[in-house]
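Fold and geometry: a report
Here is what each chain is made of, one letter per residue.
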Amino acid sequence: IALHRAHVTGVVHRDLKPANIMLNDDGEPIVMDFGLARLNRAGEAEITQSGAIMGSPAYMAPEQIQGCEHIDRRTDLYATGCLLFELLCGETPFTEDNPAAMLMAHVDSIPRSVRTKCPECPVALERLIARLLEKQPEDRPWDALAVHTELTAIQEQLKQGVKGSGTGEVLS
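Keep in mind the model is a prediction, meaning the values are calculated, not measured. (Residues numbered from 1 in each chain as written. Predicted model: local features only at pLDDT ≥ 70, side-chain atom pairs only at ≥ 80, totals over all residues. Heavy atoms only, no water.)

A closer look at helix 4 (residues 99–108)
Selection criterion: Three labels apply to residues, based on accessible area from a 1.4 Å probe with only protein chains included: buried if under 20% of the type maximum, exposed if over 50%, partly exposed otherwise in between. Put simply, DSSP H or I for four residues or longer makes a helix, DSSP E for two residues or longer makes a strand, and each gets a number counted from the N terminus. Two residues qualify as a contact provided that any one of their heavy atoms is within 4.5 Å of a heavy atom in the partner residue. Between N or O atoms, a polar contact is any pair within 3.5 Å; within protein, one atom must be a potential hydrogen donor and the other a potential acceptor, and residues adjacent in sequence are included only when both atoms are from side chains.
Restricting attention to buried positions, one finds in helix 4 the residues Met102, Leu103, Ala105, His106 and Val107. Buried-residue contacts for helix 4 involve helix 2 (62–65) and helix 3 (73–89). Between the side-chain oxygen of the N-cap and the backbone nitrogen of alanine 100 there are 3.1 Å, and the N-cap of helix 4 in question is asparagine 98.

See the structure below:
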């Protein structure tokens, strides 16, 4: 929800990573460190320096790496996909040894399925993460609120004993 609120005001974080998410006393996540966030008059993010790559390589969206001028909420959604992948698998979608190779993997490689590292992951969650990690921003979910809504639905299915695969398969 915090990310959605930022996006509604036209702010794009551009550097979501574990170090920038803390939990409050109630265990709710708080997004911190908006040091790379930008807002222009039209409510769209601007590149801080023309041609400069800014962010954390393990969580950067392809359009951010390629220095595209139009960075929007979907850039943060890609990073959200990387974070969810890491929460479930214990590592980011791409694990190259150096930052340059990591950046190229985000641009050119298809991330492996979450279920290869975390077979108990509900299929619906795996599909959501795959959509968040789409190379083209327009192929990602619409916004952070849509992601939150989908995650809440998956959580409710799990509470009811449904894997969330859309098949109605019940957990044993």
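Topic: the nonpolar core
This is how the line gets drawn: Buried Ala, Val, Leu, Ile, Met, Phe, Trp, Tyr and Cys residues that are joined via side-chain atoms within 4.5 Å together make up what is termed a nonpolar core.
With 29 residues, the main nonpolar core has Val114 and Ile129 as its most contacted residues. Of all elements in the fold, only helix 3, helix 4, helix 6 (123–132) and helix 7 (144–159) reach the threshold of two or more residues within this core. Broken down by element, the residue count for this core peaks at eight residues, all from helix 3. Not counting residues within four places of it along the chain, the set of residues in contact with isoleucine 129 comprises Gly81, Leu84, Phe85, Leu88 and Val114.

Observations concerning the pattern of salt bridges
What counts is decided by this rule: The term salt bridge refers to a side-chain nitrogen of Lys or Arg lying within 4 Å of a carboxyl oxygen of Asp or Glu.
On inspection of all chains with the given rule, the structure shows nine salt bridges. One salt bridge connects arginine 73 with aspartate 72, and the closest N-O pair in it is separated by 4.0 Å. No difference in accessibility class separates arginine 73 from aspartate 72, as the two residues are buried. Overlapping salt bridges, with partners in common, bring together Asp72, Arg73 and Arg74 in one network.

Let's talk about the confidence of the model for the chain
Convention followed: Every residue gets a pLDDT, meaning the predictor's confidence in that residue, from 0 to 100.
The share of residues in the chain with pLDDT of 70 or more is 81%, and the mean pLDDT across the chain is 85. Low pLDDT, under 50, characterises residues 40–51; the predicted model gives this stretch 20 contacts beyond four residues in sequence or across chains. Note that residues 166–172 has pLDDT below 50 and, in this model, eight contacts with residues that lie over four places away or in other chains.

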